[in-house]
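Coordinate inspection notes
Each chain is listed here by its residues.
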Amino acid sequence: MSNQQVDRSKRRFLIAATTAVGGVAGVAVMVPFVMSMLPSERAKAAGAPVDVDISKLESGMLLAVAWQGKPVWVVNRTKEMLARLPKNDSFLLDPKSEQPQQPAYCKNEWRSIKPEFLVVVGICTHLGCSPTFRKEVGAADLGADWPGGWLCPCHGSKYDLAARVFKDVPAPLNMDIPPYKFVNDNLILVGDDSKGA
């Protein structure tokens, strides 16, 4: 045994200080590890579901978000817009949405879960351009019978306000409806339709 007297208060202090520094170091090491498990912004854009807040989306307006690197549009359709949809059928290539461009729960006249909210991938089915939202009825440059919808500036493909393609245009299919669900009245989750729509 040593002749030196053990200073117990210094020993306790050193043990406590070492434990505290070790704990802080452990947390500092764990934070990046835990954060690496969360999806990055790049991963979210590549395919992770995207939340869309529709609480401030006014009637008749379009909101654009990105999902899987593509534009997704959410349109809050007015009653007048919805009333015009059945009148478009004779002008459309696939008015009943027979082609599988939408989930089964959107295979209806509105191509949506709730009639007023259309959720659609904003890409023309011809060559992948992004059509322009032309909601005005009878636009001078589109003719008096124009019911409102989308016009692709690249080759003139036209879609109605349910994103259904017109006849005699280059685009062969209706625009795609992504999987989605309503989390609540103000939030749509695009890219996830688990637990049914």
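Notes on the structure follow. Model, not experiment: these values are computed from the prediction.

Thoughts on the side chain of Asn 174
By the element assignment, Asn 174 lies in the loop between β7 (158–160) and β8 (180–184). Given the relative accessible area of 1%, Asn 174 is considered buried. Engagement of the side chain of Asn 174 in a polar contact is seen with the backbone oxygen of Asp 94, the distance being 3.3 Å. One polar contact links the side chain of Asn 174 to the main-chain amide nitrogen of Val 165, over a distance of 2.8 Å. Other than its neighbours up to four places away in sequence, Asn 174 contacts Asp 94, Ser 97, Gln 101, Arg 111, Thr 125, Tyr 159, Ala 163, Arg 164 and Val 165.

Thoughts on the packing of aromatic side chains
Scanning the entire structure with this criterion turns up 6 aromatic pairs. Aromatic side chains Trp 73 and Trp 150 sit 5.5 Å apart centroid to centroid with 5 degrees between the ring planes, which places their arrangement in the stacked category. Of this pair, Trp 73 sits in strand β3 (residues 70–76) while Trp 150 sits in strand β6 (residues 149–151), placing them 77 residues apart in sequence. Take Trp 73: its relative accessible area is 7%, and that puts it in the buried class. Taking 5.3 Å as the distance between ring centres and 35 degrees as the angle between the ring planes, the aromatic pair formed by Phe 133 and Trp 150 counts as tilted. Of this pair, Phe 133 sits in strand β5 (residues 132–134) while Trp 150 sits in strand β6, and the two are 17 residues apart along the sequence. Note on Phe 133: relative accessible area 23%, which makes it partly exposed. By the ring-pair criterion, three or more aromatic residues cluster together here, those being Tyr 105, Phe 117, Tyr 180 and Phe 182. The ring of Phe 182 has Lys 114 sitting right over it, with the charged end atom 4.3 Å from the ring centre.

Quick look at the nonpolar core
Among soluble globular proteins, nonpolar side chains are generally buried collectively. Judged by nonpolar contacts, the single largest core of 42 residues is most densely connected at Ile 54, Val 74, Trp 150, Tyr 180, Ile 188 and Val 190. Where this core is concerned, the elements lending two or more residues are β1 (50–53), β2 (62–67), β3, α3 (79–84), β4 (117–121), β6, β8 and β9 (187–190). When residues of this core are assigned to their parent elements, the largest contribution, 5 residues, is made by β4. With sequence-adjacent residues up to four places away left out, Val 190 is seen in contact with Pro 49, Val 50, Val 52, Trp 67, Val 72, Val 119, Pro 178, Pro 179 and Tyr 180.

Observations concerning unusual backbone geometry
Residue Arg 111 is not a glycine yet carries a positive backbone phi of 60 degrees. Looking at the secondary structure, you find Arg 111 in the loop between α3 and β4. Here Asp 168, not a glycine, exhibits a phi torsion of approximately 60 degrees, which is positive. A relative accessible area of 82% places Asp 168 in the exposed class.

A short note on the sheet that holds β6
Spatially, 3 strands are ordered β5-β6-β7 in an open sheet, and the strand pairing comes out antiparallel. Both outer strands of the open sheet, β5 and β7, are each paired with one neighbouring strand and no more. Sheet twist, expressed as the mean angle between neighbouring strand axes with direction ignored, is 25 degrees. Here β5 pairs with β6 via 3 bridges, running antiparallel. By the bridge assignment for β6, Arg 134 is matched with Gly 149.

Considerations on the environment of Val 72
With respect to the helices, strands and loops of the structure, Val 72 is situated in strand β3. Its relative accessible area of 0% is what places Val 72 among the buried residues. Each C-alpha atom, one on Val 72 and one on Gly 122, is 5.4 Å from the other, the two residues being 50 residues apart in sequence.

Each value, and the rule that gives it
Residues numbered from 1 in each chain as written. Predicted model: local features only at pLDDT ≥ 70, side-chain atom pairs only at ≥ 80, totals over all residues. Heavy atoms only, no water. Helix = DSSP H or I, 4+ residues; strand = E, 2+ residues; numbered from the N terminus. Buried < 20%, exposed > 50% of the residue type's maximum accessible area, 1.4 Å probe, protein only. Polar contact = N/O pair within 3.5 Å; in protein donor to acceptor, adjacent residues only side chain to side chain. Contact = heavy atoms within 4.5 Å. Phe/Tyr/Trp six-rings, centres within 6.5 Å; stacked < 30°, edge-to-face > 60°. Lys NZ or Arg CZ within 6 Å of the ring centre and 35° of its normal. Core = buried A, V, L, I, M, F, W, Y, C linked by side-chain atoms within 4.5 Å. Pairing = 2+ DSSP bridges. Axes fitted to C-alpha atoms, helices over the stretch in contact; angles between N-to-C directions.

That's the geometry; what it means functionally is another story.
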